Amino acid sequence: QPKRTHPIRLMEIAPWLYGLGCLALSIRFILQILSLWKLYRSARIERRGSYCLAVCPGALSPFAFGRTIFISEQLYQNSEFDMVLTHELAHVHQRHTWDILLAELTLIWQWFNPAAWLYRRLVENNLEYLADHVVLQQHGDKKAYQRSLLNWANATFSNSLSTSYSFSLLKERIMMMNSKPSPKSYTLRYALVLLLFPLLP
């Protein structure tokens with residue numbers, strides 16, 4: 001009589017599946033860091049006191065990572081440069097890179113948890129809302145700023161560790177600006193994101 005085989009139990013393969021997921025996202029994280037470093041090495045660097053400006057060749061959506069702001073050569077010579085710079089400086093001064101890194105690291109060890117993916121998106125959304133609010137406070141011309149978002153959103157370079165003019169968030173950001181939320185509402189949204197973090201496990 002043939003020997004009966006037992007099906008592989010889910011609990012036996014679950015640790016392997018979890019480990020593979022963590023490994024895949026860890027590799028993705030490292031590749032994103034290397035991509036930023038490669039872009040930094042190819043850029044013309046201007047040190048401007050509390051931040052660095054990396055002027056890059058080719059098409060590129062402006063974004064910030066740490067204290068470095070990456071922009072294209074085309075934007076550097078454009079009249080909308082000051083408005084875009086205000087947005088990215090808001091990310092730098094409010095240290096938004098740390099929020100994104102925390103969300104990315106959370107995603108690595110909680111990749112199987114839908115709440116971790118939601119948390120990551122909420123963090124990114126909220127950081128962009130905060131930077132948009134700073135621009136509107138300093139420049140005031142909402143329509144001109146919204147046009148600049150559309151003009152400089154470019155999908156050529158994509159990096160999940162950076163704060164960028166992402167196509168996927170533009171509609172939500174423009175709707176948020178047009179809804180005229182109060183400064184208190186921004187604070188409440190940020191508090192909600194922080195409250196979600198302990199619930200992830």
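Just so we're clear, the structure is a prediction, and the values are computed from it rather than from any experiment.

> It is not clear to me how unusual backbone geometry should be interpreted in this structure. Could you clarify?
Among all residues except glycine, the phi angle is most often negative; among peptide bonds, the trans geometry is most common. Although it is not a glycine, Arg95 adopts a positive phi angle of roughly 55 degrees. Mapped onto the secondary structure, Arg95 falls in the loop between helix 3 (81-93) and helix 4 (96-109).

> Sorry, what's going on with the packing of helix 3 against helix 5 (residues 114-139) here?
If you want to describe how two helices pack, look at the angle between their axes and the distance between the axes. One can describe the packing of helix 3 onto helix 5 by two numbers: an axis separation of 8 Å at closest approach and a directional angle of 135 degrees. By the angle class used here, helix 3 and helix 5 are oblique. The handedness of the crossing between helix 3 and helix 5 comes out as right-handed. Contacts from Asp82, Met83, Thr86, His87, Ala90 and His91 of helix 3 reach helix 5 at Leu127, Glu128, Ala131, Asp132, Val134, Val135, Gln138 and His139. Looking at the contact of helix 3 with helix 5 residue by residue, the class counts come to six nonpolar, five polar and three charged.

> What is the right way to look at the pairing of strand 2 (residues 51-56) in this model?
Look at any regular strand and the pattern is simple: side chains alternate between the two faces of the sheet. Burial of strand 2 is extensive: six of the six residues sit out of reach of the surface. With burial as the criterion, each face of strand 2 is covered, one bearing Tyr51, Leu53 and Val55 and the other bearing Cys52, Ala54 and Cys56. Here strand 1 (residues 44-48) runs beside strand 2; their pairing, made up of five bridges, is antiparallel. Counted as the bridge partner of Arg44 is Val55 from strand 2.

> Explain the packing of helix 3 against helix 6 (residues 142-152) here, please?
Closest axis-to-axis distance for the helix 3/helix 6 pair is 10 Å, and the angle between their directions is 85 degrees. When the interaxial angle is binned, helix 3 and helix 6 end up roughly perpendicular. Taking contact as the criterion, the partners of Met83, Val84 and His87 in helix 3 are, on helix 6, Ala144, Tyr145, Ser148 and Trp152. Counted by class, the contact of helix 3 with helix 6 contains five nonpolar, two polar and no charged residues.

> Help me understand the environment of Trp117 in this model?
Considering the arrangement of structural elements, one finds Trp117 in helix 5. Taking C-alpha positions, Trp117 is 6.7 Å from Leu107, a pair spaced 10 residues apart along the chain. Leave out the neighbours within four places in its chain, and Trp117 touches Leu107 and Trp111.

> Quick question: what am I supposed to make of the pattern of salt bridges here?
Scanning the entire structure with this criterion turns up eight salt bridges. Between Glu46 and Arg48 there is a salt bridge, and its shortest N-O distance comes to 3.0 Å. Among the residues examined, Glu46 registers a relative accessible area of 18% and is labelled buried. Of the charged contacts in the structure, one is a salt bridge between Glu124 and Arg120, with a shortest N-O distance of 3.6 Å. Highlighted residues: Glu124 and Arg120, both in helix 5, separated by four residues, approximately one helical turn.

> How should I be thinking about the packing of aromatic side chains in this particular structure?
According to the stated counting rule, one finds seven aromatic pairs in the structure shown. Between Trp37 and Tyr40, the aromatic rings sit 5.8 Å apart at their centres with planes inclined by 15 degrees, giving stacked as the arrangement. You can see Trp37 and its partner Tyr40 sitting in helix 1 (residues 10-42), three residues apart, about one turn around the helix. For Trp37, a relative accessible area of 48% corresponds to the partly exposed category. Relative accessible area serves as the criterion here: at 19%, Tyr40 is assigned to the buried category. Seen in terms of ring centroids, Phe63 and Phe70 are 4.6 Å apart; in terms of plane orientation they differ by 10 degrees. Their pairing is stacked. Here Phe63 matches Phe70 in class, with each residue buried. Arg44 extends its terminal NZ or CZ atom over the ring of Tyr76, reaching a point 5.1 Å from the ring centre.

> Got a minute to help me understand the nonpolar core in this structure?
One broad trend across soluble globular proteins is that nonpolar side chains are buried collectively. Leu39, Cys56, Leu60, Phe63 and Phe70 are the most contacted members of the largest nonpolar core, which totals 17 residues. Mapped onto this core, the elements with two or more residues apiece are helix 1, strand 2 and helix 4. Ignoring sequence-local partners within four residues, the contact set of Cys56 consists of Leu39, Ala43, Phe70, Ile71, Ser72 and Glu73. In terms of nonpolar packing, the next biggest core, distinct from the first, is built from 13 residues, Val55, Ala64, Ile69 and Ile71 among them.

Cut-offs and rules
- Residues numbered from 1 in each chain as written.
- Predicted model: local features only at pLDDT ≥ 70, side-chain atom pairs only at ≥ 80, totals over all residues.
- Heavy atoms only, no water.
- Helix = DSSP H or I, 4+ residues; strand = E, 2+ residues; numbered from the N terminus.
- Axes fitted to C-alpha atoms, helices over the stretch in contact; angles between N-to-C directions.
- Parallel < 35°, antiparallel > 145°, perpendicular 65-115°, else oblique.
- Left-handed = near helix turned anticlockwise from the far one by under 90°.
- Contact = heavy atoms within 4.5 Å.
- Nonpolar A, V, L, I, M, F, W, Y, C, P; charged D, E, K, R; others polar.
- Buried < 20%, exposed > 50% of the residue type's maximum accessible area, 1.4 Å probe, protein only.
- Pairing = 2+ DSSP bridges.
- Salt bridge = Lys/Arg side-chain N within 4 Å of Asp/Glu carboxyl O.
- Phe/Tyr/Trp six-rings, centres within 6.5 Å; stacked < 30°, edge-to-face > 60°.
- Lys NZ or Arg CZ within 6 Å of the ring centre and 35° of its normal.
- Core = buried A, V, L, I, M, F, W, Y, C linked by side-chain atoms within 4.5 Å.

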